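Understanding the architecture of this molecule
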Amino acid sequence: MSTTPENIQELLNREPFLPFRLIMTSGKTYEVASPNSAMLLKSEVFVVFPDGERWAHVPFLHIASIETIANGRGRRTTRRKRR
């Protein structure tokens, strides 16, 4: 998905809301679990962490991609079986 402010606003306004993840150019990620946990500012996204105690200013220029989170769950990694 494109990383324009308009696309992020569309995701925040979506009914029903579908959680999504902002993936930065550095590889760091920020999960937006509810529409109330992020707000668009002039040149960045203000993201509140789930604990409500921390937040981050995420510049649009550093957002590499956006992905939706299925069923509101985080990314799953598959483990390889040991031989």
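Note: the structure precedes this text.
Because the structure is a prediction, the values reported are computed rather than measured.

1. Comments concerning unusual backbone geometry
Here Glu15 and Pro16 are connected by a cis peptide whose omega angle stands at -5°. Tracing the backbone shows Pro16 in the loop between helix H1 (5–13) and strand S1 (20–24).

2. Some thoughts on the pattern of salt bridges
Going through the model one piece at a time under the given rule, you end up with three salt bridges. Across the pair Glu67 and Arg21 runs a salt bridge, and its minimum N-O distance is 2.3 Å. One end of the pair, Glu67, is in strand S6 (residues 63–68); the other, Arg21, is in strand S1, and 46 residues separate them in sequence. Since its relative accessible area comes to 28%, Glu67 is described here as partly exposed. Put simply, Arg54 and Asp51 hold a salt bridge, and the shortest N to O gap is 3.2 Å. Classification of Arg54 as partly exposed rests on a relative accessible area of 46%. Relative accessible area serves as the criterion here: at 43%, Asp51 is assigned to the partly exposed category. Linked by salt bridges that have partners in common, Arg21, Glu31 and Glu67 make up one network.

Calculation rules
- Residues numbered from 1 in each chain as written.
- Predicted model: local features only at pLDDT ≥ 70, side-chain atom pairs only at ≥ 80, totals over all residues.
- Heavy atoms only, no water.
- Helix = DSSP H or I, 4+ residues; strand = E, 2+ residues; numbered from the N terminus.
- Salt bridge = Lys/Arg side-chain N within 4 Å of Asp/Glu carboxyl O.
- Buried < 20%, exposed > 50% of the residue type's maximum accessible area, 1.4 Å probe, protein only.

So far we have only geometry, and geometry alone does not tell us how the molecule works.
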